[in-house]
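# Structural description and commentary
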Amino acid sequence: MSAEIAGAQVRGAALATELLSAGYQGRPVVQELSIRVDPGEVVSVVGPNGSGKSTLLKALIGVVQVLGGRVLWEGREVTNWSPDAAARAGVGYVPQVDDVFAPLTVKENLEMGGYLLPVREVPGRITHVLDVFPQLSRMLSRRAGRLSGGERKMLAMGRVLMLQPRAFVLDEPTANLAPALANMVLEDHIRQLSATGASVLIVEQRARAVLAISDRTYVMAGGRCQLEGTPAELIASPDFAETFLGGARRPAAPTGD
Amino acid sequence: MSLFLASVGFGLVTASVLAIAAVGFSVQFGVTDVINLAYGSVMIASAYVAYFVNQLGPGVSIWLAMLVAAVLGALLSLVINKYVYAPFQRRGMAPIGIVIVSLGMLLIIEYTIQAVQGTGNLSYTMSQGPTLTFAGLILSGVQLAIIGLSVVFMVGLHLLLRYTRFGKAMRATAADRTLARNCGIRTDRVVTLACLLTGALCGISGTTFAINLGSFGATSADLFLVMILAAVFLGGPGQPYGAMLGALVIGVITEVSAVFITADYKYVPAFVILLVILAVRPRGIFNAGAIG
């Protein structure tokens, strides 16, 4: 595939990858993956454990090394940029684990989220974030390490919201949450993030739940994209239904992510 | 009884020196993830530099020389971290490997000092100030100044860590460097500044240590390094408040025990405490593993 044709496929995308390969110690976990997230779109990536979903996100924001292909942000090539450059450019990333500064208070976590802002703008942004997640305002002086799983995830999202990013990159926000709480995170919180007009790229294991809030979904297995489509298209697809919505057969999972 | 009170006074002075050293050590560990055993040798190198500045002329105060020692401690700590430890860390060396590297650095610096200076001991030219007594404690003006200096540094560090943007960024970097970078914090700069800051504390603690000791040589801080480790592990590595408390406990116990056991063995209780702490609470009393 020539670079020109590949370029045309990502034109207008907020965040995109072209034939991206990425992994650890030179061994690709993600292989030749091309995805795109358009402005304002909620795009999800689903797949079994070890399919390379987290590695994809980490490569996008510069935590894991890109071994081949390109990463594009708002039409600009940013392959192997640094995580702080990604934050500066308007991409807010919430990792699956280690998503808050445990020894810091809730307020200090939000302040760190707003580290790039001029100091005088920080209190106003905190007020705004507390409007979005009002539960946090009761626990501002509590250490983040003492929060419950749901509160913690709310704080992690509030932290990235401080910079008003134009894209949210979320790695399994419902991991380790009880089902009811997971649904609340997906249906309420993710919707609140996308209501800011930002794009959302979300990785999830709860395929059925995340489909309900997605505009488009990629299905990953073995580090590659196996299927892609709107939720309606995927649900109609026999392959997808068999793999994710009740089927027992699971693709091989070569490496951890 | 007065011997006991006098030893408490000595203990407070030792604890003050130890607090400056241990807090610097602990914060440095929190941010860089290195158990930096070369810290003791950087203390002594700084004490030496203070000596040379002190000897420049009859009017050069040791307190002015201490500022120069702080600068040297800061620069030396930065160079060691940036050009020795960090490259090994980037290559994925295990923490225990880095500890061995830092032990090597300790010996290299100490023997370099010995090669230049010889094995003889040095003393600063300074006045001990008037002797003051209160509440049964007898302290010299210099000893009181060391206690005062230590309190100022502890309060200053507390304010820095709790209330300034840089201090919070330092705590965030210590807690989770990757997440700090996700926030847009340039963690390499934070690490650089933290090395300079803790290196300055190391330089100042080295000079106050030498003042308190009276005369010092290249290997004088070796036993003190174990006291620093005991104070740091007592409070939990990476915990500055823990290190302050640890320094107070270890410093006072060490000096007071000199009353009851032979002074030559006064360091033994600190070692015993260190072993007990490592056995019972390997992550320290404060137990969080990041600058809290």
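Along each chain, residue indices are assigned from 1 in the same order as the chain's sequence is written. Note on labels: chains are lettered from A, ligands numbered from 1, in written order. With pLDDT at 70 or above as the cut-off, local features in this predicted model cover only qualifying residues; side-chain atom pairs require 80 or more to be listed or tallied, and sums for whole chains, interfaces and linings still use all residues. Think of the side-chain values as coming from all heavy atoms in the structure, minus any hydrogens and water.

## Some thoughts on the overall build of chain B
Basically, it comes down to this: Note on conventions: DSSP H or I runs of at least 4 residues are helices, E runs of at least 2 residues are strands, and numbering of each starts at the N terminus. Radius of gyration here uses only the C-alpha atoms, and the compact-globule reference equals 2.2 Å multiplied by the residue count raised to the power 0.38. Each residue's exposure class comes from its accessible area (1.4 Å probe, protein chains only) as a fraction of the maximum for that residue type: buried when under 20%, exposed when over 50%, partly exposed otherwise.
Helices and strands together make up the secondary structure of chain B, namely 11 helices and two strands. A compact globule built from 292 residues would reach a C-alpha radius of gyration of about 19 Å, and chain B, at 18 Å, matches this within 12%. Taking the principal axes of its C-alpha atoms as reference, chain B extends roughly 55 × 45 × 35 Å. Out of the 292 residues in chain B, the part that is buried amounts to 54%.

## Here we look at the interface of chain B and chain A
Stated precisely, the cut-off is as follows: Here, residues are in contact when the closest pair of their heavy atoms is within 4.5 Å. Each of two parts loses accessible area, computed with a 1.4 Å probe, when they are put together; buried area is these two losses added. Salt-bridge detection follows one rule: a side-chain nitrogen of Lys or Arg within 4 Å of a carboxyl oxygen of Asp or Glu. Polar contact criterion, stated in full: a pair of N or O atoms within 3.5 Å, where within protein one must be able to donate a hydrogen and the other to accept it, and residues adjacent in sequence count only if both atoms are side-chain atoms. Under the scheme applied here, ten amino acids are nonpolar (Ala, Val, Leu, Ile, Met, Phe, Trp, Tyr, Cys and Pro), four are charged (Asp, Glu, Lys and Arg), and all others, including Gly, are polar.
Every contact between the two is made by 21 residues of chain B and, on the other side, 26 residues of chain A. Overall, the association of chain B and chain A removes approximately 2000 Å² of surface from exposure, summing both partners, and the carbon and sulfur fraction of that is 60%. Here B:Arg171 ties to A:Glu108 by a salt bridge, and the two come within 2.9 Å at their closest N and O atoms. For the pair chain B and chain A, the number of links is five residue pairs in polar contact (both at pLDDT 80 or more). For the side of chain B that touches chain A, the elements supplying multiple residues, two or more each, are helix H6 (165–175) and helix H7 (177–182) of chain B. A per-element tally of the side of chain B that touches chain A places H6(B) first, with six residues. Here the side of chain B that touches chain A is composed, by residue class, of 10 nonpolar, four polar and seven charged.

## A short note on the sheet that holds strand S2 (residues 27–37) of chain A
Residue and element names in this part refer to chain A. The condition is simple: One bridge is not enough; two strands pair if DSSP finds at least two bridges between them.
The sheet built from four strands is open, its strands ordered S2-S1-S4-S5 with antiparallel pairing. Edge positions in the sheet fall to S2 and strand S5 (76–77), since each of these pairs with one other strand and no more. Examined bridge by bridge, strand S1 (residues 15–24) and strand S4 (residues 66–73) share six bridges and lie antiparallel to one another. Considered in S4, the bridge of alanine 22 is made with valine 66.

## A look at the pairing of strand S3 (residues 42–46) of chain A
Residue and element names in this part refer to chain A. By the criterion of burial, S3 is predominantly enclosed, with five of the five residues buried. Residues Val42, Ser44 and Val46 of S3 are buried on one face, and the alternating residues Val43 and Val45, pointing to the opposite face, are buried as well. Here S3 pairs with strand S8 (residues 199–204) via five bridges, running parallel. From the neighbouring strand, valine 43 faces S8, where its bridge partner is leucine 201. Here S3 runs beside strand S9 (residues 216–221); their pairing, made up of four bridges, is parallel. Bridge pairing links serine 44 to threonine 217 in S9.

## As for H6(B)
Of all 11 residues making up H6(B), eight are buried, and the element is well covered by its neighbours. Among the structural elements, helix H4 (106–113) of chain A together with helix H1 (2–32), helix H5 (141–163), H7 and helix H8 (187–213) of chain B are those in contact with the buried residues of H6(B).

## With respect to the sheet that holds S9(A)
All names here are of chain A. Where we set the bar: Note on definitions: angles span 0 to 180 degrees between N-to-C directions of axes, and those axes are lines fitted to C-alpha atoms, for helices only across the stretch in contact.
With mixed pairing, the six strands of this open sheet are ordered in space as S6-S7-S8-S3-S9-S10. Only two strands of the sheet have a single neighbouring strand rather than two, namely strand S6 (91–94) and strand S10 (224–229). The mean inter-strand angle of the sheet, taken between neighbouring strand axes irrespective of direction, is 15°. Pairing of strand S7 (residues 167–171) with S8, which is carried by five bridges, proceeds in the parallel orientation. Of the residues in S8, the one forming a bridge with aspartate 171 is valine 203. Of the strands in this sheet, S3, S7 and S8 are in contact with helix H7 (residues 179–194), which crosses S8 at around 150°.

## Brief notes about the packing of helix H10 (residues 240–260) of chain B against helix H11 (residues 268–280) of chain B
Residues and elements named next belong to chain B. Quick reminder of the rule: Each angle is binned into one of four classes, with values under 35 degrees roughly parallel, values over 145 roughly antiparallel, values of 65 to 115 roughly perpendicular, and all other values oblique.
Contact pair H10 / H11: the axes reach a minimum separation of 8 Å and the direction vectors enclose 140°. On the basis of the axis angle, H10 is oblique to H11. Where H10 abuts H11, its residues Ile250, Ile253, Thr254 and Ser257 lie against Pro269, Ala270 and Ile273. Of the residues assigned to the contact of H10 with H11, the class counts are five nonpolar, two polar and no charged.

## Focus: a nonpolar patch on the surface
Residues and elements named next belong to chain B. Note the following rule: Put simply, a patch holds well-exposed residues, over 30% relative accessible area, that have no salt bridge, with like charges counted together within 9 Å and Val, Leu, Ile, Met, Phe, Trp or Tyr side chains within 5 Å. The method behind every accessible area is Shrake-Rupley, applied with a 1.4 Å probe, and residues are considered shielded solely by the protein chains displayed.
Taken together, Phe4, Phe260, Ile261, Tyr265, Val268, Val272, Val276 and Val280 make up a surface patch of nonpolar side chains, about 750 Å² in accessible area. If one sorts the elements of the nonpolar patch by residue count, H11 sits on top with four residues. Mapped onto the elements, phenylalanine 4 comes out in helix H1. Phenylalanine 4 gets classed as partly exposed once you look at its relative accessible area, which sits at 31%.

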